[in-house]
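# Understanding the architecture of this molecule
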2 protein chains.
Amino acid sequence: MKAIVYIGLKPGVLDPQGRAIARSLNDLGFAEVNSALQGKIIELDLSSEEKTEAKQRVEQMCEKLLANTVIESYRIELRD
Amino acid sequence: MKAIVYIGLKPGVLDPQGRAIARSLNDLGFAEVNSALQGKIIELDLSSEEKTEAKQRVEQMCEKLLANTVIESYRIELRD
């Protein structure tokens, strides 16, 4: 089973990386870019069988290691 | 219009960050994790009207700035 974890900054948290991307794109002539947000995507290959339990375990992984829940939010997708 | 750009390492490229994640999860007791891949996700807010042209422009942004096409591949999704 595969788990895809999307991690992004919570709304209101300063995103200097996103700003740098938007500004650089503007400087390169892409004037249509109003703003940019950068996040992470982590794809896990799991040897789990049961979806509900797998999701709970991945939530624990996010809380303990993958996401900094003070400033980041996460979303989990499971695929067979 | 929003463009979501997914950027990941091409197959075969060494991914030390993914390995570190998988190993740390194993060390924390998540033995079901076989491997991990880490990628980036960039969400762009665009003031474009026309989808086909917007996609071409975002492809140019990936080639010029967002992705390192020697080692990374990218995928673009457009949303209204």
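Structure first, text after, so check above.
Below: a short report on this structure. (Residues numbered from 1 in each chain as written. Chains lettered and ligands numbered in written order. Predicted model: local features only at pLDDT ≥ 70, side-chain atom pairs only at ≥ 80, totals over all residues. Heavy atoms only, no water.)

Turning our attention to the pairing of strand β2 (residues 33-46) of chain B. Relative to β2 of chain B, strand β2 (residues 33-46) of chain A runs antiparallel, the two sharing 13 bridges. Across the sheet, aspartate 45 of chain A pairs through a bridge with serine 35 of chain B, a residue of β2 of chain B. Relative to β2 of chain B, strand β1 (residues 2-9) of chain B runs antiparallel, the two being bridged by six bridges. Looking at β2 of chain B, one finds that valine 5 of chain B is bridged to isoleucine 42 of chain B. (Pairing = 2+ DSSP bridges. Helix = DSSP H or I, 4+ residues; strand = E, 2+ residues; numbered from the N terminus.)

In the structure shown here, the tally under the stated rule is 10 salt bridges over all chains. A salt bridge links arginine 57 of chain B to glutamate 32 of chain A, with the shortest nitrogen-to-oxygen separation between them at 2.8 Å. Remark: glutamate 32 of chain A occurs in the loop between α1 (16-27) and β2 and arginine 57 of chain B occurs in helix α2 (residues 51-66); the pair is interchain, linking two chains. Classification of arginine 57 of chain B by relative accessible area gives partly exposed; the value is 23%. Using a relative accessible area of 12% as the deciding quantity, one classes glutamate 32 of chain A as buried. Between arginine 79 of chain A and glutamate 77 of chain A there is a salt bridge, with its nearest N and O atoms 3.1 Å apart. Classification of glutamate 77 of chain A as partly exposed rests on a relative accessible area of 26%. (Salt bridge = Lys/Arg side-chain N within 4 Å of Asp/Glu carboxyl O. Buried < 20%, exposed > 50% of the residue type's maximum accessible area, 1.4 Å probe, protein only.)

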